[in-house]
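So you can see what is in the structure, the chains are spelled out below.
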Amino acid sequence: MKTFEHSDDSVVVIIGSGAGGGTLANELAQKGIDVVTLEAGKRESSESFLNDEWKSFSQLAWLDPRSTSGSWRVARDFPGLPAWICKTVGGSTTHWAGASLRFQDHEFRAKTEYGDVIGANLLDWPLTLNDLEPYYARAEYKMGVTRTNGIPGLPGNNNYKIMDAGARKLGYTKVHTGNMAINSRPRHGRASCMQLGFCFQGCKSGAKWSTLYTEIPAAEQTDHFELRTGCQAARIEHDDTGRATAVVYFDENGDEQRQSARAVAVAGNSLESPRLLLMSDSSMFPDGLSNRSGQVGRNYMRHMTGSVYAAFDEPVHMYRGTTMAGIIQDESVHDPKRGFVGGYEMETLALGLPFMAAFLDPGAWGEDFTWMMDRYANLAGMWLVGEDMPRADNRISLNTDLKDAHGLPVVNVHFDDHDNDIAMREHAFTQGEAVYRAAGATRTFRTPPYPSTHNLGTNRMSADADDGVCDANGQSHDIPNLYISDGSQFTTGGAENPTLTIVALAIRQADHIARQMIRKAV
Amino acid sequence: MTSTTMRPVIPLHTVAELTDRAIGAGSDQDGSDQHRSAVAPGGMPALTRRSFLKGTAILSGSLATGTLLATLAPSRSWAAEMATFDDREARVLLRLTQVIFPHENMPEAINALAVKGLDTAATGDDAETDSAVAIAFREGIVALDEAANGDWLAADADAQLAAVQSITDTELFLTVRGSCITSLYDNDLAYAHFGYEGEAFNKGGYVFRGFDDLAWLPDPPADASPPVQ
């Protein structure tokens, strides 16, 4: 692999190797632009992934301390685990389920379409579905999304069959095995899906797209990419003109290093990215780098989520096969007659026995809990994922009372549900239960949101520099050569799983950065 | 499930083997005759030399005939040895896991695994001094007994549950409930009991092993759920 000198200020330094950072790195490297990627985690592989929920969690998840506050239940049940995301090469693309949905047109205009929602900080995106469409197409091709590019849909597992039957009985029509970045046939040198049931634990067959074994190796094959693992970014430095000049980081030995940079792209996911900007405060940027708007860390969204599990008289073995290849899209529309703005998707979901015990009803005990667990083999499950409201005080901030192993202040995640989130969740729970009862369930169970797997909005895009952190290209409003390249860019969350949009934005941003470099604007 | 998937979590000795070894064990270090009663209701074996060692107890039992576990296990008899809890404490903890998680027909071997985990957590570095965890557990057991007219183990099921409901703020309850989430449900005995098949890659996944074998509902339309390619 190519290596660069620490003093080489011609490189683009990217923090994070996941959906955003990994894609950006490869897209730039393919254009002949030199990239150094700093990844906090280690490099695993399909060979080292583990078909074991708790062991895999220890292997891939971000386990460094974080704290929580606010009225959300996660703060009570999992005070040190606000998010289930990754610290590993490939980031959360190792752990994700593969659901790859485009945002809907109206979702880019959430403020205009939904109106003034009191207690929410809604804003229109500074770009449209039209702007993003060519990049969605490139992302779907890159990732091999089923039902695009001639790629057949995946076959439905038992869990899907139940959801399908119940959904159709209720009159839902947009029901299928999903748009999944999981090979239904061998493609691009990767195998076809084996229906392993351990999608969340890293795909051991490689059928599920992950930057770990696609973008990163492709970038390495150019002479323009260096990946440094075990490297935790601590600070972005800038000069007195306000240009980013270097990234200070702790290497795998815990020693402080400095990598010079022509440009810096932040792609550490929506908790670490604002943390890094906040830790990069200076006399010129007393509230944090690129934070003249005060929006860094704010507007944290985690999607309205919850799950419904249902017990049947016959075995289901829901854990057999893909974790999430199944969807009902009928409720993803914006229909305020339901009592809330925005919509939600209903997606199949299964947990293994160990995680079912941990997440079905955190803190629960007694007969209600054991009744469901005793019927584990007869359970079906779905996950509800919908648009939650951005709120100024739902935010990532630095917890200066708590330091990590490097002596850096940890992230605190503060969250309170908005009334719209609560109303949407109630509707979604009710509909999910109705689907399962229509399929013959004897009992249904409402499971609260897990530690957040979708984390968005904390360095949001805005047309106006007062309202957000970056522009339609993810370029910082304040720092001309600083980019936001992960889901923290999202102005609003939409109803859809975020990864496809993150990848599309990264492809688009790479084109933009290349143009900027040719013009010597960066 | 083949034996390669059964990770040995507790040693499944025969009860006789264990008793023999206990009798033949090396001399007791301090010569103390301070011991806990080794004879429990239900016919646990009378332990001799072993019972003179501080804090030692053994939970043991048999897997019920005709159960899946009994067919899979190397031996129907099982035993789990304690390093810190005495005999009564171990039995209280085992029963406590059953009251907190009142499963239909959960083999006691799985609860014993959980108690073994608690014993390990309570075992301090110093054999002479109780660890803070052990102290908290013993205080919690005292509270349980007090809430059940002095002997929680002797109380009926309703009284046992009521007593547990009165101690849900204690470290004993919180620790037992929390640790059971992994110790009761993340082991091969539990997988077999609840019907979870565990590791899949080495068996080729489920694409040819029943991922879509559900036959009691109509199949989805082909455009919604295409066939395996």
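Residues numbered from 1 in each chain as written. Chains lettered and ligands numbered in written order. Predicted model: local features only at pLDDT ≥ 70, side-chain atom pairs only at ≥ 80, totals over all residues.

Q: Honestly, the overall build of chain B in this entry has me stumped. Any pointers?
A: Helix and strand counts for chain B stand at eight helices and two strands. In chain B, the succession of α and β elements from N to C terminus is α-β-α-β-α-α-α-α-α-α. A burial count over chain B gives 37% of its 229 residues as buried. The contacts of chain B with a sequence gap of at least 6 include a subset with a gap of at least 24, amounting to 66%. (Helix = DSSP H or I, 4+ residues; strand = E, 2+ residues; numbered from the N terminus. Buried ≥ 20, exposed ≤ 12 C-beta atoms within 10 Å, placed from the backbone. Contact = placed C-beta atoms within 7 Å.)

Q: Looking at this structure, how should I read the overall build of chain A?
A: On a plain count of helices and strands, chain A comes out with 12 helices and 17 strands. Relative to its length of 522 residues, chain A is compact, with a C-alpha radius of gyration of 22 Å against a globular reference of 24 Å. The principal-axis extents of the C-alpha atoms in chain A amount to approximately 70 × 50 × 45 Å. Out of the 522 residues belonging to chain A, those deemed buried represent 63%. Within chain A, contacts between residues at least 6 apart in sequence are counted, and of these 74% link residues at least 24 apart. (Rg over C-alpha atoms; globule rule 2.2 N^0.38 Å.)

Q: Quick question: what am I supposed to make of the environment of A:Gly98 here?
A: Mapping A:Gly98 onto the fold places it in the loop between helix H3 (73-77) and helix H4 (110-114). Residue classification places A:Gly98 among the buried residues on the basis of 30 C-beta atoms within 10 Å.

Q: Looking at this structure, I do not really get the sheet that holds strand E11 (residues 327-328) of chain A. What am I missing?
A: Strand pairing within a sheet occurs via backbone hydrogen bonds; the two strands may be parallel or antiparallel. All names here are of chain A. In spatial order, the strands read E4-E11-E12-E13-E10-E16; together these six strands make up an open sheet with antiparallel pairing. The open sheet terminates on both sides in strands that have one partner only, identified here as strand E4 (175-176) and strand E16 (443-447). On the sheet, helix H6 (residues 158-170) packs against E4, E11, strand E12 (344-348) and strand E13 (379-386) and is oriented at approximately 70 degrees with respect to E13. (Pairing = 2+ DSSP bridges. Axes fitted to C-alpha atoms, helices over the stretch in contact; angles between N-to-C directions.)

Q: What is the right way to look at the sheet that holds strand E8 (residues 256-260) of chain A in this model?
A: All names here are of chain A. Pairing is antiparallel in the open sheet, where three strands are placed in the order E6-E7-E8. Unpaired on one side and paired on the other, strand E6 (232-238) and E8 mark the two borders of the sheet. With strand direction ignored, the average angle separating the axes of adjacent strands in the sheet is 25 degrees. Note that E6 and strand E7 (residues 244-250) share six bridges and pair antiparallel. Paired with Glu237 across the strands is Ala246, a residue of E7.

Q: Honestly, the interface of chain A and chain B in this entry has me stumped. Any pointers?
A: Accessible area lost upon the coming together of the parts is a frequently used measure of interface size. Every contact between the two is made by 46 residues of chain A and, on the other side, 37 residues of chain B. Elements with a contribution of two residues or more to the side of chain A that touches chain B: H6, E4, helix H9 (353-359) and helix H10 (367-374) of chain A. A total of six residues in the side of chain A that touches chain B trace back to one element, the largest contributor, which is H6(A). Residues belonging to the side of chain A that touches chain B are distributed by class as follows: 21 nonpolar, 16 polar and nine charged. (Nonpolar A, V, L, I, M, F, W, Y, C, P; charged D, E, K, R; others polar.)

Q: Explanation requested: the nonpolar core in the structure shown.
A: Residue and element names in this part refer to chain A. Membership of the largest hydrophobic core comes to 196 residues, with the highest contact counts inside it found for Val12, Val13, Val35, Val247 and Val264. The element contributing the most residues to this core is helix H12 (residues 499-518), with nine residues. Aside from chain neighbours lying at most four places away, what touches Val35 is Val11, Val12, Ile14, Ala25, Leu28, Ala29, Ala219, His224 and Phe225. If you look at the next biggest cluster of nonpolar residues, it comprises 20 residues, including Ala61, Trp72, Ile85 and Ile396. (Core = buried A, V, L, I, M, F, W, Y, C linked by C-beta atoms within 7 Å.)

Q: What should I look at first to understand the pairing of E12(A) in this one?
A: Both faces of the sheet carry side chains from a regular strand, because those side chains alternate between them. Residues and elements named next belong to chain A. Of all five residues that make up E12, five are buried, and the element is covered over most of its length. Note that E11 and E12 share two bridges and pair antiparallel. Following the sheet pairing, Ile328 is matched in E12 by Met346. Examined bridge by bridge, E12 and E13 share five bridges and lie antiparallel to one another. Residue pairing in the sheet places Glu347 in a bridge with Trp383 of E13.

Q: What should I look at first to understand the packing of helix H5 (residues 129-143) of chain A against H12(A) in this one?
A: A pair of packed helices is characterised by two quantities: the angle between their axes and the separation of those axes. Residue and element names in this part refer to chain A. Put simply, H5 and H12 touch, their axes get as near as 8 Å, and they point 110 degrees apart. One element, H5, and the other, H12, form an angle in the roughly perpendicular class. The crossing of H5 and H12 is right-handed. Across the interface between the two elements, Leu132, Tyr135, Tyr136, Arg138, Ala139, Lys142 and Met143 from H5 touch Leu500, Val503, Ala504, Ile507 and Arg508 from H12. (Parallel < 35°, antiparallel > 145°, perpendicular 65-115°, else oblique. Left-handed = near helix turned anticlockwise from the far one by under 90°.)

Q: Is there a simple way to explain the packing of helix H1 (residues 19-30) of chain A against H12(A) in this structure?
A: Residue and element names in this part refer to chain A. Where H1 contacts H12, the axes come no closer than 8 Å and their chain directions differ by 35 degrees. Here the hand of the crossing between H1 and H12 comes out right-handed. Side by side, H1 and H12 meet where Ala19, Gly20, Thr23, Leu24, Glu27 and Leu28 of the first sit next to Thr499, Ile502, Val503, Ala506, Ile507, Gln509, Ala510 and Ile513 of the second. Of the residues belonging to the contact of H1 with H12, the class tally is nine nonpolar, four polar and one charged.

Q: Got a minute to help me understand the environment of A:Glu44 in this structure?
A: All names here are of chain A. Here Glu44 is to be found in the loop between strand E2 (35-38) and helix H2 (53-60). On a C-alpha basis, the gap between Glu44 and Val12 in space is 24 Å, while along the polypeptide they are 32 residues apart. Contacts of Glu44, omitting those with residues within four sequence positions, involve Phe49, Gln59, Leu60, Thr88, Val89, Thr94 and Gly202.

Q: When you look at the environment of A:Arg43 in this model, what are you seeing that I'm missing?
A: Residue and element names in this part refer to chain A. Considering the arrangement of structural elements, one finds Arg43 in the loop between E2 and H2. Among the residues examined, Arg43 registers 15 C-beta atoms within 10 Å and is labelled partly exposed. With 26 residues separating them in the primary sequence, Arg43 and Ser69 have C-alpha atoms 32 Å apart. For Arg43, the residues in contact, after removing those within four places along its chain, are Val89 and Thr229.

Q: What am I meant to see in helix H11 (residues 419-438) of chain A here?
A: For the α-helix, the turn length of 3.6 residues means that residues three or four positions removed from each other point alike. For H11(A), spanning 20 residues, the distance from its first C-alpha to its last is 29 Å, which sits close to the expected 28 Å at 1.5 Å a residue. Every buried residue belonging to H11(A) is among A:Asn420, A:Asp421, A:Met424, A:Arg425, A:Ala428, A:Gln431, A:Gly432, A:Glu433, A:Val435 and A:Tyr436, and all of these are buried. (Expected span 1.5 Å × (residues − 1).)

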